[in-house]
Amino acid sequence: MSNTIKQLKLLVIVLVVSNVGLGGFSFYLLRKVDQEYSDIIGRSLPVMNSLQTLTAKAMRAMRATNPVQLGKPAGKQANFLQQATAEFAADRNERLKALRSEWTGATAERTELQESGEAFTKLGTEVVAHYAAGRIEEAASIREDDLRIAFDRYIAAATKAADVLEIESTRLNSDVSARTDNVSSVVLGIATWPIIVVLGILLLTAVFVVGLMILFRERQASDMP
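Residues numbered from 1 in each chain as written. Predicted model: local features only at pLDDT ≥ 70, side-chain atom pairs only at ≥ 80, totals over all residues. Heavy atoms only, no water.

A count of helical and extended segments in the protein chain gives 6 helices and 0 strands. Ordered by position from N to C terminus, the α and β elements of the protein chain give α-α-α-α-α-α. Within the protein chain, the fraction of its 225 residues that count as buried is 28%. Considering only contacts in the protein chain between residues 6 or more positions apart, those separated by 24 or more positions represent 76%. Summing over all exposed atoms, the protein chain offers an accessible surface of approximately 14600 Å²; the carbon and sulfur share of this is 63%. (Helix = DSSP H or I, 4+ residues; strand = E, 2+ residues; numbered from the N terminus. Buried < 20%, exposed > 50% of the residue type's maximum accessible area, 1.4 Å probe, protein only. Contact = heavy atoms within 4.5 Å. Areas by Shrake-Rupley, 256 points an atom, 1.4 Å probe, with all protein chains shown as cover.)

Structure below.
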């Protein structure tokens, strides 16, 4: 009887230790998964938001070079020239902000964005300078022949970069989810060991009882005259 009590106490201690260990491991797993998801969001979301803002600023800068505004007489175009200069500066600052961020892959797209953005800024600044110097026709020609092409390339680069970053972020998210599912399955499998032990004990007990019953009946049969 005392041995049985000791075994039960030992089983209870093992169960407590097991539950505490599984609880600690589950907490660690949750913290790790949360950190991985936070890292993915922290790398992708700011860049994607910046690229969206960048597209809007590039459009505003392009509109600021409209000949209807900058082609006016010098005395009436000062505010428009100042606004155009400010728009191109805002676009450039936003682009530098995006390029300084931590990207999840998309190395080629990042390079294309940098190169196309620099070309857009250079041509845009040149167009504004021509307008300021009174070279209206030359400014309008560069705008239509060169700046517009650079603008289209720039917008395409920003759009492609955002798409690639979204795809890469989705892939990383899927990888984290897959690893989490695998580890969760292992944890759940380990957590069922007490049930397996109890079922094993019940099975052994049933086999033992059945064996005793068979032996008892055989002895009764042998004692009969």
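From this point, the discussion proceeds with the structure in view.
With respect to the secondary-structure elements, His130 resides in helix H4 (residues 107-132). The contact partners of His130, leaving out residues within four places of it in the chain, are Arg135, Glu138, Ala139 and Ile142.

All right, on to the environment of Pro46 then. With respect to the helices, strands and loops of the structure, Pro46 is situated in helix H1 (residues 2-63). On the basis of relative accessibility, which here comes to 41%, the residue Pro46 falls in the partly exposed class.

What follows concerns the pattern of salt bridges. Counted by the stated rule, this structure contains 7 salt bridges. Residue Glu115 is joined to Arg153 by a salt bridge in which the shortest nitrogen-to-oxygen separation is 3.8 Å. Linking Glu115 in helix H4 with Arg153 in helix H5 (residues 136-191), this pair joins segments that are 38 residues apart in sequence. With a relative accessible area of 42%, Glu115 lands in the partly exposed category. (Salt bridge = Lys/Arg side-chain N within 4 Å of Asp/Glu carboxyl O.)

Now for the packing of aromatic side chains. Evaluated as defined, the whole model comprises 3 aromatic pairs. Seen from their ring centres, Phe88 and Phe120 are 5.2 Å apart, and the 40° between their planes marks the pair as tilted. Of the two residues, Phe88 sits in helix H3 (residues 74-100) while Phe120 sits in helix H4, which places them 32 residues apart along the sequence. A relative accessible area of 4% means that Phe88 is categorised as buried. Here Phe120 and Phe151 contribute two aromatic rings whose centre-to-centre distance is 5.8 Å and whose plane-to-plane angle is 45°, an arrangement assigned as tilted. Taken together, the residues Phe120 in helix H4 and Phe151 in helix H5 connect sequence positions 31 residues apart. On the basis of relative accessible area, Phe151 is assigned to the buried category, the value being 12%. Feature note: the residues Phe88, Phe120, Phe151 and Tyr154 constitute an aromatic cluster, connected by ring pairs. (Phe/Tyr/Trp six-rings, centres within 6.5 Å; stacked < 30°, edge-to-face > 60°.)

With that settled, consider the nonpolar core. The tendency in soluble globular proteins is for nonpolar side chains to be buried as a group. Core analysis: the largest hydrophobic core is formed by 33 residues, its most contacted members being Leu51, Trp103, Leu113 and Phe120. At the level of elements, H1, H3, H4 and H5 are the ones that each hand at least two residues to this core. Residue contacts for Phe120: discarding those within four places in its chain leaves Ala58, Ala61, Met62, Phe88, Asp91, Leu147, Ala150, Phe151 and Tyr154. (Core = buried A, V, L, I, M, F, W, Y, C linked by side-chain atoms within 4.5 Å.)

This brings us to the environment of Leu99. With respect to the helices and strands, Leu99 occurs in helix H3. The class for Leu99 is buried, based on a relative accessible area of 12%.

Once that is clear, we can look at H4. Under the 1.5 Å per step criterion, the end-to-end length of H4 is 38 Å for 26 residues, consistent within 8% with the ideal 38 Å. Directly after H4, the chain includes Gly134, whose backbone phi takes a positive value near 85°. (Expected span 1.5 Å × (residues − 1).)

Turning to the side chain of Glu87, a few remarks are in order. If you trace the backbone, Glu87 turns up in helix H3. Once residues lying within four places of it in the same chain are set aside, the contact partners of Glu87 are Arg60, Ala61 and Ala64.

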